[in-house]
Number of protein chains: 2
Amino acid sequence: MNKLKSLILAVTAILTGSTAWAYDGSCLWLSGGDNDNQAVITVPKSKSPTVAIAAEELNKAWHGEPLRLEIKRDKNLGNEGFRVYRDKKGLVLSANNDLGLLYGSYALLRDNAAGKAIALREEIPAYNVRVLNHWDNLDGTIERGYAGHSIWNWNELPDVVSPRYREYARANASVGINGVVLNNVNASSKILSAEYLAKVAKIADVFRPYGIKVYLSANFAAPMQLGGLKTADPLVPEVAAWWKAKADEIYKLIPDFGGFLVKANSEGQPGPCDFDRTHAEGANMMARALKPHGGIVMWRAFVYSPADADRAKQAYIEFQPLDGKFDDNVIVQIKNGPIDFQPREPYSPLFGAMPQTDQMVEFQVTQEYLGHSNHIAYLAPMWTEFFDYVSPSSLKAIAGVANVGNDTNWTGHPMAQANWYAFGRLAWNPQLSSEEIIDEWMPMTLNYPENTPKEVTDGLKKMMLNSREAVVDYMMPLGLHHLFAFGHHYGPEPWCDIKGGRPDWMPPYYHRADSAGLGFNRSSSGSNAVAQYPAQLAKKLDNINTCPEEFILWFHHVPWDFKMKSGATLWQELCNRYQSGVESVETMQRQWTAAKPYIDPELWNDVNERLMTQARDANWWKEGCLLYFQQFSGMPIPDNVTPPVHTLDQLKGIKLGISNYECPTPELLNSKR
Amino acid sequence: MNKLKSLILAVTAILTGSTAWAYDGSCLWLSGGDNDNQAVITVPKSKSPTVAIAAEELNKAWHGEPLRLEIKRDKNLGNEGFRVYRDKKGLVLSANNDLGLLYGSYALLRDNAAGKAIALREEIPAYNVRVLNHWDNLDGTIERGYAGHSIWNWNELPDVVSPRYREYARANASVGINGVVLNNVNASSKILSAEYLAKVAKIADVFRPYGIKVYLSANFAAPMQLGGLKTADPLVPEVAAWWKAKADEIYKLIPDFGGFLVKANSEGQPGPCDFDRTHAEGANMMARALKPHGGIVMWRAFVYSPADADRAKQAYIEFQPLDGKFDDNVIVQIKNGPIDFQPREPYSPLFGAMPQTDQMVEFQVTQEYLGHSNHIAYLAPMWTEFFDYVSPSSLKAIAGVANVGNDTNWTGHPMAQANWYAFGRLAWNPQLSSEEIIDEWMPMTLNYPENTPKEVTDGLKKMMLNSREAVVDYMMPLGLHHLFAFGHHYGPEPWCDIKGGRPDWMPPYYHRADSAGLGFNRSSSGSNAVAQYPAQLAKKLDNINTCPEEFILWFHHVPWDFKMKSGATLWQELCNRYQSGVESVETMQRQWTAAKPYIDPELWNDVNERLMTQARDANWWKEGCLLYFQQFSGMPIPDNVTPPVHTLDQLKGIKLGISNYECPTPELLNSKR
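Counting of residues starts from 1 at the beginning of each chain's written sequence and follows it residue by residue. Lettering for chains starts from A, numbering for ligands starts from 1, and both go in the order in which the items are written. The predicted origin of the model limits local features to residues at a pLDDT of at least 70 and limits the giving and counting of side-chain atom pairs to 80 or more, whereas totals for whole chains, interfaces and linings rest on all residues. For side-chain calculations, the full set of non-hydrogen atoms in the structure is used, while hydrogens and water are omitted.

The name that an unreviewed UniProt entry assigns to chain A is Alpha-glucuronidase, with the source organism given as Muribaculum gordoncarteri.

Below, the structure is given as structure tokens:
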């Protein structure tokens, strides 16, 4: 909603005597505050803006008993932790410092909003670095953003500071996010120019009271592009000196600057390997420039050369030998899986394979491969699944690629707010379950009345909790991956094979369908990617009979008539999974429909229409993949599967005109005869 | 397939040593003949071209024992009947004349093709007049034709006589059709000009040996438009004289000319009422011109004025009082139902209500309201359903609006050939069951091998037999009618309400949906259309509790929560019927898929794609109607119904660009957000 419309609604509300605001999704899970709040809040005397924010939030929305906030030395709590306890005078929230009080306040308000009793507890975050990565370009577009343009208005900055920056900081702080990389990893050097650093500093000023540090994606060739040097070779002293001077310049403007995120020698980005140096040599050179100021380098391990036979092995091959070679303020940032944010991947074998190196995981909050902002795909189950394999304690930090844009509701799909929320909560506490998180988020955001029947709210919970598995089923079940349309990564194109394109950007590279079967043989008889995993797991994955079926086509080329655990053949099972994905979306539609009487009509309609799109898309995926793979299996689609209503040729004819920030809308055309 | 392509295929077949012709649907249910036929056929010495045709057909395809054809006086057999019997010398086909032998030959070949034992029998047709009405315009377009342009090439005629005219005559004769009205009932006077009559005569010459008479649709104002008279008043002697002279002119060219079909004072056509004369006065005047030559007038009762409250009552009101006023060579031609060829209508109450007047039924073979040439809708069940109410013996003749065009396969949809076939067979013998007819047609046309599994052929039979009920269910169940899009009558537009349009051309006129319920109250408390039916039936229809449910919304405005026989409310039942229609098409898809190994691939693919369109359209109908009616019922769509994947607004946005002879292809678009 634009400001004018808000104003009109406000005036309308006054005229009609109503105090209710029309839903527009802009409030996220946060309270807008009540006018009649009578809670008694005692805060420490302080000029800290952070404490002021905590007090303001509590005054607006705290409905509990009287509450006292206190700064109190407690080495257990660290810089951000807090404690909730009772003394003779009543309920107390204490912390070592302002920020702990702010986090504690949001935690208490969460309990309040969920209608829970206040739990006395001590909380400290699992990681010191909990960052969102924005893939926002300086021209306002967002790579893989589906909620409008970038919220950073670089043209207005530094003169105009949008009130949205503060709203954004508030939302992040409320879920525990304490760092933001402002710009795309495919970075323009311009962000490091004096002109842009002045703009960045303005954003940092807004973020600071909310405990959020600003980071920047750095282009490794910046000394050449920006500094006029002839090289960016990390071992050339002039290059190191340029970075040192740049760091000094940044910290003068932003004393709490977080550091750099670097995508180097990946998908065309420059990097140390261009100068025959290692990733470690490149990362360390930059880290040393930041070190005196306390900054860090997050160095991405998302690399794959066109040369190697199996892309899934690349990052390991390139990074594992560098273990122990990185400085202590470098963290290697690794995507959760070895390929690229697919609906389901096994974890990247680099995790745990570099014991002398700090590692962090990079999750994707934006739904590049999960239906953009058209599909409900609650991602906490995907992330906790990762933690089932990779112990959270083995990681140094955590990053998520943001799903935020300048849409009124921030995330395009109203339900995608849950992923922003869940990422923050898991970054704070990776032990939380998907269900606990949805139990917090749902009532705060959907705002249904307290007397909403339990079967309705249970239905909504199930809708969210099952949604990611539904997407896996209708897009890429059983370990299939990268069947997406070239470019926009929205619809199915398992047939896509562009002449002259990189083979490892083409679906047939990944699914390897032929008359014998389906799947990529990464077992010991194939690319042997399994050998990159710890021995016991490797053995399990290597054997087609013990490999978990959700990964079977990731690791094996499976015969079409292979007997699955269900007793069905691979082909039948594949058909069943796609059908099940479609039916899951139908179930989600029914669960949402049952909630209609209890949900704001604008919100309900918005989600309902997107669910219809999701249902159509699920069928599109099902038909496209089954009709395509059927060419290889030569087997009939079983009777329990709804027969396709398009031919493969019709589906191949669908070409989406998707830009990188518009909500895509596939057209399922009938053919012209 | 065009002739050149046929030639190329023939050459290819010779080169490859194959004798099989590629399927193109042009042969219909007829045999192409075998090269190795050794059957012994004896025919009477005769110069009759009809006997020559009979001999040729038998020589080509008769696989039975030796057969003797004889002309033999037998008053029981009339002009067209035949007898099959055995004497000491073997099997005999006898008839009063040439034509009987031809019909008998086709009957024997049918037995042969179906692999049946030869039944000894006597057959005479139920009606002397068994006509197809072509709604072909002189410019080559066809009103409500979905298989290409008209087969009559008026521009080439009389110089060029297409070989297709003979093929068409052969097909008609093979199923017993003995008359063809060449031009549209919305008639151009030009057809009666000397120029066109010369063309018509050429067609009549081709038809004659096949026993087929030519008829013409006559424009009542022809004396003015063509003759330059100032009036067409039937009581003005000059007008009558003009028609007499015209008849004489025609019979000079075409001695066996059948007569005129007239649409008068209906939908803008001129007629006797323009001159304050009755339909009888108009019809009789024309009949008297034809009478000396043995011609007849078929006078349509399809009339409805914009004035009356209930269109369903119009024809009865206008025609019933004229009973006994028509000359004996006039037949009143009445559509099967009182409105207009809907997927299901009760029979027109005019039938049986004019005991002193000859009546004929007008069926629609072309699928104007039944999915055009995209949907399988085998119509024999609809026509035999009519005969359940109206005794065939009460009728004088029978007409069907043709579904033939210049498509290679004649009817657009290959399975629509079955409707042409079934109409002819029922015109000959209305006692045949839908199943008997499909048992004849299916093996001859689909040409599957003899060892095709019975479950497969049973599936195909079910596919055909259930298809019309499927269409009723997904388009207009429970007596709903006229929910079609304006103009093309293809997709759903229950919401269609064009400002300034005739109310009785708009769906809301017919469905009468409101918050109280659904349906047109034609009971004694409403328009009282029920009173036009015989007393006992009227009583049954008048009572909402005894009215057959398939007609309940035709005769009653039924409350949404009315308890149906199933126990469900009207709303639930409506939802269930639409869902059932969609699922029926899915079942048809499965039945067709099971037959894939036994069916010519080109035929299989063609039908398969059309079934996919049908499945999409079924869903389009379901969603459009349920979402529209839900606005009135205010009730939720039950859980057993697949949730809609489009909003009502999206569906309202679908506008088809359908011309009157192209195969329509609706585009189910996603909305743009």
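Still more to cover.
*Asks:* Is there a simple way to explain the overall build of chain A in this structure?
*Replies:* When its secondary structure is counted, chain A shows 20 helices and 15 strands. Only the C-alpha atoms count toward the radius of gyration. The rule for a globule is 2.2 Å times the residue count to the power 0.38. Scaling as 2.2 N^0.38, a compact globule of 673 residues should have a C-alpha radius of gyration of about 26 Å, and chain A matches this with 25 Å. Here the term buried applies to any residue with accessible area under 20% of the maximum for its type, exposed to any over 50%, and partly exposed to those in between, with areas from a 1.4 Å probe on protein chains only. Counting over 673 residues, chain A shows a buried share of 62%. In chain A, once contacts between residues fewer than 6 apart in sequence are set aside, the share between residues at least 24 apart is 71%. Helix and strand definitions here come from DSSP, where helices need a minimum of 4 consecutive H or I residues and strands a minimum of 2 consecutive E residues; each element is numbered from the N-terminal end. Between two residues, a contact is recorded if the distance between any of their heavy atoms is within 4.5 Å.

*Asks:* Would you explain the pattern of salt bridges in this entry?
*Replies:* Side-chain pairs of opposite charge can arise whenever the charged atoms involved come near each other. For this document, the term salt bridge refers to a Lys or Arg side-chain nitrogen within 4 Å of an Asp or Glu carboxyl oxygen. Counted according to the given criterion, the structure contains 68 salt bridges over all chains. Among the salt bridges present, the one from Glu80 of chain A reaches Arg130 of chain A, with a minimum N-O distance of 2.7 Å. One end of the pair, Glu80 of chain A, is in the loop between strand 2 (67-71) and strand 3 (82-87); the other, Arg130 of chain A, is in strand 6 (residues 129-133), with 50 residues separating them in the sequence. Residue classification places Arg130 of chain A among the buried positions, given a relative accessible area of 0%. Lys291 of chain B is paired through a salt bridge with Asp328 of chain B; the nearest N and O atoms lie 2.8 Å apart. Of the two residues, Lys291 of chain B sits in the loop between helix 8 (279-290) and strand 10 (296-300) while Asp328 of chain B sits in the loop between helix 9 (314-319) and strand 11 (330-335), which places them 37 residues apart along the sequence. Since its relative accessible area comes to 43%, Lys291 of chain B is described here as partly exposed. Within the structure, one salt-bridge network assembled from shared partners comprises Arg344, Glu385, Arg468 and Glu469 of chain A.

*Asks:* What should I look at first to understand helix 13 (residues 454-465) of chain B in this one?
*Replies:* Because each turn of an α-helix spans 3.6 residues, side chains separated by three or four positions in sequence point in the same direction. Residue and element names in this part refer to chain B. The first and last C-alpha atoms of helix 13 sit 16 Å apart over twelve residues, in line with the 16 Å expected at 1.5 Å per residue. Listed as buried for helix 13 are Val456, Thr457, Gly459, Leu460, Lys461, Met463 and Met464. Against helix 11 (417-428), helix 12 (434-446), helix 14 (467-475) and helix 18 (570-594) lie the buried residues of helix 13. Between the first and last residue of a helix there are one fewer steps than residues, each counted as 1.5 Å, and that sum is the expected span.

*Asks:* Any chance you could explain the packing of helix 14 of chain B against helix 18 of chain B here in plain terms?
*Replies:* Geometry of a packed helix pair, given as the angle between the helix axes and the separation of the axes. All names here are of chain B. Interhelical geometry of helix 14 versus helix 18 gives an angle of 140° and a closest axis separation of 7 Å. When the interaxial angle is binned, helix 14 and helix 18 end up oblique. Considering the relative orientation of helix 14 and helix 18, their crossing is left-handed. The segment helix 14 lies against helix 18, with Ser467, Ala470, Asp473, Tyr474 and Met475 engaging Arg577, Tyr578, Ser580, Gly581, Val582, Ser584, Val585 and Met588. When residue character is reported, Ala, Val, Leu, Ile, Met, Phe, Trp, Tyr, Cys and Pro are called nonpolar, Asp, Glu, Lys and Arg charged, and the others, Gly included, polar. In the contact of helix 14 with helix 18, the residues fall into seven nonpolar, four polar and two charged. Each axis is a line fitted through C-alpha atoms, and for a helix only the stretch in contact is used; angles between axes span 0 to 180 degrees, taken between their N-to-C directions. An angle counts as roughly parallel when it lies under 35 degrees, as roughly antiparallel when it exceeds 145, as roughly perpendicular when it falls between 65 and 115, and as oblique in every other case. Two helices cross in a left-handed way if the nearer one is turned anticlockwise from the farther one by less than a right angle. They cross in a right-handed way if the turn is clockwise.

*Asks:* Just checking my understanding: could you explain the sheet that holds strand 1 (residues 41-42) of chain A for this structure?
*Replies:* Remark on secondary structure: sheet strands pair via backbone hydrogen bonds, oriented parallel or antiparallel. Residue and element names in this part refer to chain A. Pairing within the open sheet is mixed, and its five strands lie in the order 1-2-4-3-5. The sheet is open, and its two edges are formed by strand 1 and strand 5 (121-123), each paired on a single side. Here strand 1 pairs with strand 2 via two bridges, running parallel. Along strand 2, the bridge assignment pairs Thr42 with Arg68. Contacting strand 2, strand 3, strand 4 (90-95) and strand 5, helix 3 (residues 98-113) crosses the sheet at an angle of about 135° to strand 4. In this analysis, strands are considered paired if DSSP registers two or more bridges between them.

*Asks:* Sorry, what's going on with the side chain of Asn329 of chain A here?
*Replies:* Residue and element names in this part refer to chain A. Along the chain, Asn329 turns up in the loop between helix 9 (314-319) and strand 11 (330-335). Take Asn329: its relative accessible area is 6%, and that puts it in the buried class. Reaching out from Asn329, the side chain makes a polar contact with the backbone oxygen of Gly295 at a distance of 3.0 Å. Ignoring any residue separated from it by four or fewer positions in sequence, one finds Asn329 in contact with Ala287, Leu290, Lys291, Gly295, Ile296 and Val297. Under the rule applied, a polar contact is a pair of N or O atoms within 3.5 Å (in protein, one hydrogen donor and one hydrogen acceptor; residues adjacent in sequence only if both atoms are side-chain atoms).

*Asks:* Sorry if this is basic, but what is going on with the pairing of strand 6 (residues 129-133) of chain B here?
*Replies:* Regular strands place side chains that alternate from one sheet face to the opposite one. Residue and element names in this part refer to chain B. Buried residues dominate strand 6, accounting for five of its five residues. Here strand 6 shows no split at all, with Val129, Val131 and Asn133 on one side and Arg130 and Leu132 on the other all buried. Sheet topology note: the strand 6/strand 13 (residues 397-401) ladder contains five bridges and is parallel. Across the sheet, the residue bridging to Val129 is Ala397, located in strand 13. Bridge analysis of strand 6 against strand 7 (residues 179-181) gives three bridges, and the strand direction is parallel. If you follow Val131 over to strand 7, its bridge partner there is Gly179.

*Asks:* What is the right way to read the environment of Lys89 of chain A from this model?
*Replies:* All names here are of chain A. Mapped onto the elements, Lys89 comes out in the loop between strand 3 and strand 4. Lys89 gets classed as exposed once you look at its relative accessible area, which sits at 72%. Counting along the chain gives 206 residues from Lys89 to Gly295, while the straight-line C-alpha distance between them is 42 Å.

*Asks:* Looking at this structure, how should I read the environment of Glu345 of chain B?
*Replies:* Residues and elements named next belong to chain B. Structurally, Glu345 is set in the loop between strand 11 and strand 12 (359-364). Overall, Glu345 belongs to the buried group, its relative accessible area being 8%. Note: C-alpha distance between Glu345 and Phe386 (41 residues apart in sequence) is 9.1 Å. The contacts of Glu345, once residues within four sequence positions are left out, are Gly337, Pro338, Ile339, Asp340, Phe551 and Trp554. A distance of 3.0 Å separates a polar atom in the side chain of Glu345 from the backbone nitrogen of Gln342.

*Asks:* Any chance you could explain the domain arrangement of chain A here in plain terms?
*Replies:* Where interface size is quoted, it is often the accessible area lost as the parts come together. Residue ranges labeled as domains rest on an automatic or database domain assignment. One can read the domain layout of chain A as domain 1 (24-123), domain 2 (129-446) and domain 3 (472-520 + 557-671). Taken over C-alpha atoms, the centre of domain 1 of chain A sits 46 Å from the centre of domain 3 of chain A.

*Asks:* Please clarify how the nonpolar core should be interpreted in this entry.
*Replies:* In summary, soluble globular proteins display a tendency toward joint burial of nonpolar side chains. The criterion is simple. A nonpolar core is a set of buried Ala, Val, Leu, Ile, Met, Phe, Trp, Tyr and Cys residues joined through side-chain atoms within 4.5 Å. Counting 216 residues, the largest nonpolar core has Phe207, Trp243, Leu574 and Phe629 of chain B as its most contacted members. Residues Met354, Val390, Ala418 and Val585 of chain A belong to the second largest nonpolar core, which totals 214 residues.

*Asks:* Would you take a moment to explain a nonpolar patch on the surface for this structure?
*Replies:* Residues and elements named next belong to chain A. On the surface, Phe486, Ile498 and Trp505 cluster together into a nonpolar patch covering about 260 Å² of accessible area. Its place among the elements puts Ile498 in the loop between helix 14 (467-475) and helix 15 (507-511). Note on Ile498: relative accessible area 38%, which makes it partly exposed. The residues that make up patches have over 30% relative accessible area and no salt bridge, and they are joined within 9 Å when like-charged or within 5 Å when they are Val, Leu, Ile, Met, Phe, Trp or Tyr. Only the protein chains shown count as cover for residues, and all accessible areas are computed by the Shrake-Rupley method using a 1.4 Å probe.

*Asks:* Honestly, the sheet that holds strand 2 (residues 67-71) of chain B in this entry has me stumped. Any pointers?
*Replies:* One open sheet holds the five strands; their spatial order is 1-2-4-3-5 (chain B), and the pairing between them is mixed. Each end of this open sheet is capped by a strand with a single partner; those strands are strand 1 (41-42) and strand 5 (121-123) of chain B.

*Asks:* Explain the packing of aromatic side chains to me, please; I cannot follow it from the model alone.
*Replies:* Each aromatic ring pair is described using two quantities: the centre-to-centre distance and the angle formed by the ring planes. Side-chain rings of Phe, Tyr and Trp (the six-membered ring for Trp) are treated as a pair once their centres are within 6.5 Å; stacked means planes under 30 degrees apart, edge-to-face means over 60, and tilted covers the remaining angles. One pass over the structure, following the stated rule, counts 78 aromatic pairs over all chains. Note on Trp29 of chain B and Tyr421 of chain B: the rings are 5.2 Å apart at their centroids and 75° apart in plane angle, and the pair reads as edge-to-face. With Trp29 of chain B in the loop between helix 1 (3-15) and strand 1 and Tyr421 of chain B in helix 11, this residue pair connects regions lying 392 residues apart in the sequence. Arranged with centres 4.9 Å apart and planes meeting at 65°, the rings of Tyr369 of chain B and Phe484 of chain B form a pair that is edge-to-face. Taken together, the positions of Tyr369 of chain B in the loop between strand 12 and helix 10 (380-389) and Phe484 of chain B in the loop between helix 14 and helix 15 (507-511) put the pair 115 residues apart, joining distant regions of the chain. Taken individually, Tyr369 of chain B and Phe484 of chain B each receive the classification buried, so the pair is uniform in this respect. Taken together, the ring pairs connect Trp29, Trp152, Tyr165, Tyr168, Phe207, Trp410, Trp420 and Tyr421 of chain A into an aromatic cluster. Definition used: whenever NZ (Lys) or CZ (Arg) falls within 6 Å of the ring centre and also within 35 degrees of the ring normal, the charge is taken to sit over that ring. Here the guanidinium or amino end of Lys596 of chain A rests over the ring plane of Trp604 of chain A, the centre of that ring lying 4.6 Å away. Here Lys335 of chain B stacks its cationic end above the ring of Phe302 of chain B, 3.3 Å away from the centre of that ring.

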